[in-house]
Amino acid sequence: IFEVLNVKSTIATTSCVHSEAVSKAIGIPSAASYVPGAMSTKGDVMGIFERLQNVVEITLGAKFFDTLFEMEIAAFRAKFGQGFKDYQELLAQVSYVFTNSNPYLDYPRPTLHKSIDIGGIAVSLDSHHNALPKELDEILNIRETNVIVSFGTVVKSCYMPDEYNDPNSPYALKYPAAYEVYDQKIFTHGEQNRDRLEMMPATTFIWKYEIEDSEIIRNLTNVYLSAWLPQNALLGQLPQCPLV
């Protein structure tokens, strides 16, 4: 649209972390040997096979966004002619690219000064949008201590394998460092939860659990399950509501 309006100086923004398609267009290389792609399933410590998988996932991820961008450009060319610039040229000429990435938490990567990391760029600061629902506000006021438990939007608690709680499981043996951190947390999946929660009756636990009528909390009066939690509104309650 800015190209149609003949706006010379522009800034591109994305609500995601670094996208390979965008990085390629502005000249940032993808270091697949040690930097996971935006849609990769591996961390920054990879063996030869994990690196190969990372290359494949980076390639497929870039192809996915390439296809979306090309469809958008095709729509503009149908309206304004075949001479309309492609998306790579449009991105290359922007002054800055703002990404939804926190430089203190993201993986170290090659970058350029025109790529600006702004963690939380997609978070609304409007207090009306971040107001707690009445039911959740009432739950938070039942006890003085509240704990919010969530494994994120993508990871679903209800599908967590029971063996993740076993120190002798293949997962724990393969990723001892990750298990050591994980094992310190209050929440695991299965009956082990019940014993731990019953030991803290003065604390209200609000757990992002996708099966709200699950038997996992039967007879527990201090635990509330919800398939979705208003994260921004809950973050505004810190430190009254620690996050796990």
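If you look the chain up in an unreviewed UniProt entry, it shows as glucuronosyltransferase from Teladorsagia circumcincta. In its Catalytic activity (unreviewed entry) section, UniProt records this for the chain: "glucuronate acceptor + UDP-alpha-D-glucuronate = acceptor beta-D-glucuronoside + UDP + H(+)". For the record of the chain, the UniProt heading Sequence similarities (unreviewed entry) holds the text "Belongs to the UDP-glycosyltransferase family."

Engineer: So what exactly am I meant to see when it comes to empty space enclosed by the protein here?
Structural biologist: Over the atoms rolls a probe the size of a water molecule, and in doing so it shows where empty space is left. Throughout the structure, instances matching the rule amount to two cavities of 30 Å³ or more. Considering only enclosed or pocket space, the largest cavity measures out at about 100 Å³ in volume. For the largest cavity, the lining is made up of 13 residues, of which E20, P29, S30, V35 and R109 are closest to its centre. Considering only residue class, the lining of the largest cavity consists of seven nonpolar, four polar and two charged. The computed volume of the second largest cavity comes to approximately 60 Å³. Residue lining of the second largest cavity: T14, V17, H18, S19, V22, S23, I26, I28, V97, T99 and S115, and that is the complete set. With three residues, the single largest contributor to the lining of the second largest cavity is helix 1 (residues 20-26). For the lining of the second largest cavity, the per-class residue count stands at five nonpolar, six polar and no charged.

Engineer: Explanation requested: the pattern of salt bridges in the structure shown.
Structural biologist: Where charged atoms of side chains with opposite charge meet at close range, the side chains can pair. Taken as a whole and assessed by the stated rule, the structure comprises four salt bridges. The salt bridge involving E3 is made with K85; its shortest N-O contact spans 3.5 Å. In this pair, E3 sits in the segment before strand 1 (11-13) while K85 sits in the loop between helix 2 (48-80) and helix 3 (87-92), placing the two residues 82 residues apart along the sequence. With its nearest N and O atoms 3.7 Å apart, the salt bridge here joins D66 to K24. With D66 in helix 2 and K24 in helix 1, this pair connects stretches of sequence that are 42 residues apart.

Engineer: Hey, could you run me through the nonpolar core in this one?
Structural biologist: Soluble, globular proteins show a tendency: their nonpolar side chains are buried together. Counting 15 residues, the largest nonpolar core has F69, Y87, L91 and V97 as its most contacted members. When residues of this core are traced back to their parent elements, those giving at least two are helix 1, helix 2 and helix 3. If near-sequence neighbours (up to four positions away) are discounted, L91 is found in contact with A12, V22, A25, I26 and K114. By size, the runner-up hydrophobic cluster in this structure holds 12 residues, among which are C158, W207, Y209 and L220.

The rules behind the values
Within each chain, residues carry numbers counting from 1 in the order of the written sequence. Per-residue local features of the predicted model are confined to residues with pLDDT of at least 70, and side-chain atom pairs are confined, for both listing and counting, to 80 or more; whole-chain, interface and lining totals are unaffected and use all residues. To get the side-chain values, all heavy atoms of the structure are used, and hydrogens and water are removed first. UniProt positions are given in the numbering used here, feature names are shortened, and annotations may be inferred rather than shown by experiment. For cavity detection a 1 Å grid was placed over the protein atoms alone, and a set of points counts as a cavity when a 1.4 Å probe fits there but cannot get out; an open set counts as a pocket when protein lies on both sides within 12 Å along at least five of seven lines, with lining residues being those that have an atom within 4 Å of a point. Grid points are joined across faces, edges and corners, and a volume is the space filled by probe spheres set on the points. Think of it as three bins: nonpolar holds Ala, Val, Leu, Ile, Met, Phe, Trp, Tyr, Cys and Pro, charged holds Asp, Glu, Lys and Arg, and polar takes everything else, Gly as well. We count a stretch as a helix when DSSP gives it H or I for four or more residues in a row; a strand needs E for two or more, and each element gets its number in order from the N terminus. Basic side-chain nitrogens of Lys or Arg form a salt bridge, by our definition, when they fall within 4 Å of a carboxyl oxygen of Asp or Glu. To qualify as a nonpolar core, a set must consist of buried Ala, Val, Leu, Ile, Met, Phe, Trp, Tyr and Cys residues joined through side-chain atoms within 4.5 Å. Whether a residue is buried, partly exposed or exposed follows from its accessible area with a 1.4 Å probe, protein chains only, as a fraction of its type maximum: under 20%, in between, or over 50%, in that order. Two residues form a contact once any of their heavy atoms are found within 4.5 Å.

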